[in-house]
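Coordinate analysis (summary)
Each chain, letter by letter, is given below.
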Amino acid sequence: MHKLFSIKWVLIALLFGLFAPGEAVAEGEISAGLFTANNVWMMLAAGLVFIMHLGFATLEAGLTQQKNTVNILFKNTYIVCVGIITYAICGFALMYPGDAWIIPGWLGVAKGVTIQTDAAGLTTGYAGGGYTYWTDFLFQAMFAATAATIVSGAVAERIKLGSFMVFTLVYVTFVYTIAGSWKWGAGWLDALGFYDFAGSTLVHSVGGWGALVGAFLLGPRLGKYINGEMRPIPGHNMPLACIGVFLLWLGWFGFNGGSVLSADPALTSRTLMTTCVAAAAGGLGAMFTSWFVSKKPDLSMALNGILAGLVGITAGADQMYMWSSLFIGAIAGIIVVFSVIFIDKIKIDDPVGAISVHLVCGIWGTLAVGIFGDMAGIGQLMKQLTGVVAFGVFCVVTSFVIFGAIKATMGLRVSEEEETMGLDQGEHGMVAYNDFTTRSTH
Amino acid sequence: MIKIDAIIKPFKLDAVKDKLNEIGVTGITVSEVKGFGRQKGHTELYRGAEYKVDFLPKVKLETIVAKEMEDQVVDAIIESAQTGKIGDGKIFITDLKDIIRIRTGDKGKEAI
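Note that the structure is a prediction, hence the values are computed from the model and not measured.

Concerning unusual backbone geometry
Working note: non-glycine residues mostly have negative phi, and peptide bonds are mostly trans. Residue and element names in this part refer to chain A. Of note, valine 113 is a non-glycine position whose phi angle comes to about 65°, a positive value. Along the chain, valine 113 falls in the loop between β2 (107–108) and α4 (133–154). The backbone of aspartate 435 shows a phi angle near 70°, a positive value even though the residue is not glycine. Structurally, aspartate 435 is set in the segment after α15 (423–428).

Describing the interface of chain A and chain B
The interface is formed by 14 residues belonging to chain A together with six residues belonging to chain B. Taken together, the elements giving at least two residues each to the side of chain A that touches chain B come down to α9 (265–294), α10 (299–314) and α11 (322–345) of chain A. Of the residues belonging to the side of chain A that touches chain B, the class tally is seven nonpolar, three polar and four charged.

Concerning the sheet that holds strand β2 (residues 29–35) of chain B
Residue and element names in this part refer to chain B. The antiparallel open sheet is built from four strands, whose spatial order is β2-β5-β1-β6. Every other strand in the sheet has two partners, leaving β2 and β6 (89–95) as the edge strands with one partner each. Averaged over all pairs of adjacent strands, the angle between strand axes in this sheet comes to 20°, irrespective of strand direction. Taken together, the seven bridges between strand β1 (residues 2–8) and strand β5 (residues 56–65) define a ladder with antiparallel strand orientation. Looking across to β5, one finds that isoleucine 8 is bridged to valine 59. The strands touched by helix α1 (residues 13–22) are β1, β2 and β5; relative to β5, the strand with the most contacts, the crossing angle is about 10°. Lying on the sheet, helix α2 (residues 70–81) is in contact with β1, β5 and β6; it crosses β1 at an angle near 10°.

Thoughts on the packing of helix α12 (residues 354–368) of chain A against helix α13 (residues 378–409) of chain A
All names here are of chain A. Interhelical geometry of α12 versus α13 gives an angle of 150° and a closest axis separation of 8 Å. It follows that α12 is roughly antiparallel to α13 by the angle criterion. The handedness of the crossing between α12 and α13 comes out as right-handed. Of the residues in α13, those touching α12 at Ile363, Thr366 and Leu367 are Leu381, Gln384, Leu385, Gly387 and Val388. Of the residues contributing to the contact of α12 with α13, the split by class is five nonpolar, three polar and no charged.

Each value, and the rule that gives it
- Residues numbered from 1 in each chain as written.
- Chains lettered and ligands numbered in written order.
- Predicted model: local features only at pLDDT ≥ 70, side-chain atom pairs only at ≥ 80, totals over all residues.
- Helix = DSSP H or I, 4+ residues; strand = E, 2+ residues; numbered from the N terminus.
- Contact = placed C-beta atoms within 7 Å.
- Nonpolar A, V, L, I, M, F, W, Y, C, P; charged D, E, K, R; others polar.
- Pairing = 2+ DSSP bridges.
- Axes fitted to C-alpha atoms, helices over the stretch in contact; angles between N-to-C directions.
- Parallel < 35°, antiparallel > 145°, perpendicular 65-115°, else oblique.
- Left-handed = near helix turned anticlockwise from the far one by under 90°.

Read these as spatial facts, not as claims about activity.
Spelled out as structure tokens, the structure:
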């Protein structure tokens with residue numbers, strides 16, 4: 001006779017549940033299920049940070065001229081590829097030397113240099129059950145490439161492709177990693193008590209300083225400043241720019257959410273809340289500031305405002321609450337509008353506002369940890385300032401050296417003729433929108 | 001035969017085309033152009049900075065008609081393209097040397 005519900009099977013299931021392996025855990029140890037949950041979240045976060053590269057690519061393409069679109073996309077494609085590879089070959093080891101310091105607290109490289117692990121790296125023993133060694137590498141690799149792509153927007157439309165590729169290779173492999181080891185690699189800034197939850201300083205200001213030096217050394221695009229007067233060079237595709245910013249916001253769910261380094265419900269949910277509140281506040285802050293300043297609301301400023309809020313909250317996303325996140329984001333949104341206008345005024349041509357979003361708001365976000373939230377206090381504020389200055393000095397000096405060396409050897413900027421005809425033609429011999437028409441043909 | 005070029009406001013194209021069809025004009029060519037006359041350009045805004053855009057989008061309409069139709073066609077275009085506001089456009093009339101139909105080789109009035 002066929003019964004739907006057999007008592008025999010219920011008893012068997014119960015007995016199996018009682019004796020199932022992996023559920024009985026020792027005191028303080030993490031269960032296999034929880035380890036899996038944590039690691040899955042971290043891998044998902046790595047994927048979300050990865051998608052930020054698509055965000056950067058589309059944002060930069062949208063805010064620059066059509067004749068340079070292939071070049072912009074090519075640079076962004078290169079960055080994520082070279083970032084992952086260099087991080088695997090030595091970047092991860094430079095950023096996280098463990099106890100293999102050469103100059104303690106300042107410079108070290110983990111044993112083995114290239115990514116490798118024994119069985120212990122795949123167990124709960126590796127990172128308290130938060131993730132495995134490979135997940136650790138991958139998540140952090142996505143961050144490394146993000147620092148480089150910030151530079152690409154500021155130097156767009158006039159930097160030589162090869163020169164940019166060389167700069168990126170050196171900057172991501174050595175500058176980002178060595179500076180990053182000072183805090184996340186348990187170096188001297190970490191010992192000092194400096195705090196950067198997900199990288200307002202370590203990622204965004206590192207990219208921002210490189211962007212500033214690059215844009216300064218390159219000089220403005222042709223036609224941007226005529227007889228001392230600034231003539232805007234509008235981006236060619238606002239829809240792409242908008243898509244880019246929303247992809248970046250989506251990616252930030254992983255950028256900040258994954259920086260919790262586990263799937264801890266309390267920490268991750270709070271972090272995602274602060275992140276989104278700051279992004280929204282940044283968007284509104286920039287929207288209304290640009291409306292007030294320019295009499296009409298500027299979409300590109302509103303989009304920059306969202307990013308400004310995100311960058312601003314990144315240093316302390318796990319330390320803030322709702323109002324602190326709102327203020328940090330809103331202030332970042334206001335700052336970014338004035339910063340974009342100011343940077344233009346001092347004749348530094350930044351086609352996408354990278355310096356304003358990532359450097360200026362990265363510094364704001366870092367300092368905000370000493371002003372708002374759980375770590376607020378004058379002592380912490382001083383520590384934050386120390387980190388800002390240390391990174392500033394290191395990144396500016398190294399950027400000058402790298403860009404300077406490139407300028408002296410292979411040259412930094414394309415010829416005037418090439419810049420006029422467009423880098424797509426000059427560097428790639430390609431057109432971005434072949435056969436693209438904007439009106440119906442019938 | 002005469003060639004009539006008309007620069008008109010883009011949104012007036014359908015009205016002009018319908019009116020020309022009504023009076024028996026058999027073919028027109030249309031292109032998107034930009035230009036300015038006494039209608040000034042306008043000011044645009046980008047990231048906190050204003051800049052002047054001198055050129056305005058217009059539509060250029062070309063058609064070939066028999067000389068006898070000149071007044072009719074000009075009146076039709078004016079009536080359908082006019083808004084009364086600055087920037088309505090202009091009509092240019094030139095004498096045409098010849099016109100040939102590619103498919104058949106017809107020339108002159110046959111080819112209109």
